[in-house]
Amino acid sequence: MKEKLIFDLSRKGRRGVCFGTPDLPSKPVQELIPERFLRSEPADLPELPESEVVRHFIRLSNLNYHVDKNMYPLGSCTMKYNPKINDSTSDLQGFTSMHPLQPEHTAQGSLRLMYELSEMLREIAGMAAVTLQPAAGAHGELTGIFLIKKYHESLGSRRSKLLVVDSAHGTNPASAATANYEIVSVNSNAEGRTDIEDLKTKLTPDVAALMLTNPNTLGLFENDILAIEKLVHENGSLLYMDGANMNALMGITRPGDMGFDIVHYNLHKTFSAPHGGGGPGSGPVGVCDKLVPFLPVPVIEKTEKNGITVYTMNPDKPDSIGRMMNFYGNFAVLVRAYTYIRMLGANGVRRVSENAIINANYLLSRVLEKFELPYPKPVMHEFCLSGDRQKKQHNVRTLDIAKRLLDYGFHAPTIYFPLIVSEALMVEPTETETRETLDAFADALLAIADEAENDPDLVLDAPVKTPVKRLDEAQASRKLNVCCFGC
Ligand SMILES: *Cc1c(COP(=O)(O)O)cnc(C)c1O
């Protein structure tokens, strides 16, 4: 790496900011802080002028890849461009100065924002009520599964199995296992959709629910969703939708209308909060009528008092599964999602999904001549290619193709997921890319396919233009060593 560590840039005595002598009475620190909390030696901090600190971090940010730099086609992750106005509103002092413990009557604006956001999300998915508490998609899944458990308990039954389709995101079985369910995998059929015959054999009386992603992780809409809904409900089971792919549905169709009992939303995907660095995220959960009493507490309610609208947090719901977060979720993400939806309006929200679908199908049509598509199109908002042809004919794997894309200035797509596609390359362009950007990405993929045919070493040795070359990825994630000073 060309950029030195900030400690190597340090020179003794350099200063960013110098404070003048205070003009207020002061006391020695020893009188203010107990001895045992004081350092015996000064902290080993780098010493630099402000200009050098700023430049250091700007140079580091240039080494990084982010959605403000170029397209981020990571399938399943919906890495859309996040409008900057979301940051301006979430930075408003009225929000940033809030304390979660301040009295409700002094927090009416924030409570109203949360109430209205949950109403908008409720409408978008066609559910009866929404909780904003969960902190991520996976946390929304866990919340949903607790609701499923509570529902069956309320009927005096204890169903022990959850069905998960084999193309599902890994968080689905992980959440089910966390809630102590036995997981039964349902097969996909030759079209890449849920295999109804297989589902029938697995829908036994001990099945609590089916978890389904629609459109699924191959970007395919579950055309038989109404038949699936009927089978699941006839069995007394519930139907859970992993709503991480809501970017393909908004304003077009609604999980509630398809008969889903529970759905989670990923605000940091569909509703435009920056993500990728591990959060903070937000995974609200919407439910149908019969599950409303079980939602997490407190529930934000809108009431009229002497002709004035008042928002309150009601902790008093005897059938609730309890709290899923301390306080009330990741509030700044909620402000971003609220801003995003209000800026778009109802028609704009629909246009988002329409454009996401158009962009995915356009991009797919441009790269099909060189790559295999294992399941037939049309797709919704994303598609999953297979690198099998390149592997079999030229010994170039999907991993190599992904690495070579970095040399062309693009972030790699999702690879080797979903597991049912061999050498998977999963691309989700999102609605925020222009035709020119989509073309540039398609040209890069096609050029790499040519290189794999004619000069495979170019691809196998990639990347060559990035700050670090090919990493041992297993090592890099298992032996994370970011220690930089004094070790
Ligand atoms: C991202 C994703 C999840 C998990 O959401 P997180 O917010 O990352 O916890 C679940 N299912 C699908 C299909 C996803 O794309």
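What counts, and at which threshold
Residues numbered from 1 in each chain as written. Predicted model: local features only at pLDDT ≥ 70, side-chain atom pairs only at ≥ 80, totals over all residues. UniProt positions renumbered as here; feature names shortened; annotations may be inferred. Core = buried A, V, L, I, M, F, W, Y, C linked by C-beta atoms within 7 Å. Buried ≥ 20, exposed ≤ 12 C-beta atoms within 10 Å, placed from the backbone. Helix = DSSP H or I, 4+ residues; strand = E, 2+ residues; numbered from the N terminus. Domains from an automatic or database assignment. Contact = placed C-beta atoms within 7 Å. Pairing = 2+ DSSP bridges. Near = placed C-beta within 6 Å. Nonpolar A, V, L, I, M, F, W, Y, C, P; charged D, E, K, R; others polar.

- The protein chain carries the name Probable glycine dehydrogenase (decarboxylating) subunit 2 in an unreviewed UniProt entry, which gives Prosthecochloris marina as its organism.
- What UniProt records for the protein chain under Function (unreviewed entry) is the sentence "The glycine cleavage system catalyzes the degradation of glycine. The P protein binds the alpha-amino group of glycine through its pyridoxal phosphate cofactor; CO(2) is released and the remaining methylamine moiety is then transferred to the lipoamide cofactor of the H protein."
- Annotation of the protein chain in UniProt includes, under Subunit (unreviewed entry), the sentence "The glycine cleavage system is composed of four proteins: P, T, L and H. In this organism, the P 'protein' is a heterodimer of two subunits."

**Observations regarding the nonpolar core**
At step 1: Core analysis: the largest hydrophobic core is formed by 110 residues, its most contacted members being A209, M211, Y240, I262, L334 and A337.
At step 2: Of all the elements, helix α12 (residues 331-367) adds the most residues to this core, at 16 residues.
At step 3: Each of domain 2 (85-343) and domain 3 (348-478) gives at least three residues to this core.
At step 4: When sequence neighbours within four positions are dropped, the list of residues in contact with I262 reads G144, L147, L238, Y240, M241, V285, V287 and L291.

**Description of the sheet that holds strand β10 (residues 383-386)**
At step 1: Within the open sheet, the 3 strands sit side by side as β10-β12-β11. Their pairing is antiparallel. Looking at strand neighbours, the two that pair on one side only are β10 and β11 (414-415), the edges of this open sheet.
At step 2: Both β11 and strand β12 (residues 424-427) contribute to a ladder of 2 bridges, which runs antiparallel. Across the sheet, the residue bridging to I415 is L425, located in β12.

**Examining the site of the ligand**
At step 1: Near the ligand there are 14 residues, and of these S76, G137, A138, H169 and A244 occur at the shortest range.
At step 2: Classifying every residue of the shell around the ligand gives 3 nonpolar, 10 polar and 1 charged.

**Considering unusual backbone geometry**
Trans is the common state for peptide bonds, and a negative phi is the common state for residues other than glycine.
At step 1: Cis geometry is adopted by the peptide bond preceding P215, which originates at N214 and carries an omega value of -10°.
At step 2: Looking along the chain, the bond that leaves F417 and enters P418 is cis, with omega of 0°.
At step 3: As for its placement among the helices and strands, P418 is situated in the loop between β11 and β12.
At step 4: Look at N306: it is not a glycine, yet its phi comes out positive at around 50°.
At step 5: Relative to the elements of secondary structure, N306 occurs in the loop between β8 (299-305) and β9 (308-314).
At step 6: Among the residues examined, N306 registers 5 C-beta atoms within 10 Å and is labelled exposed.
At step 7: Its identity is not glycine, yet T430 carries a phi of approximately 70°, on the positive side.
At step 8: One can find T430 in the loop between β12 and α15 (435-454).

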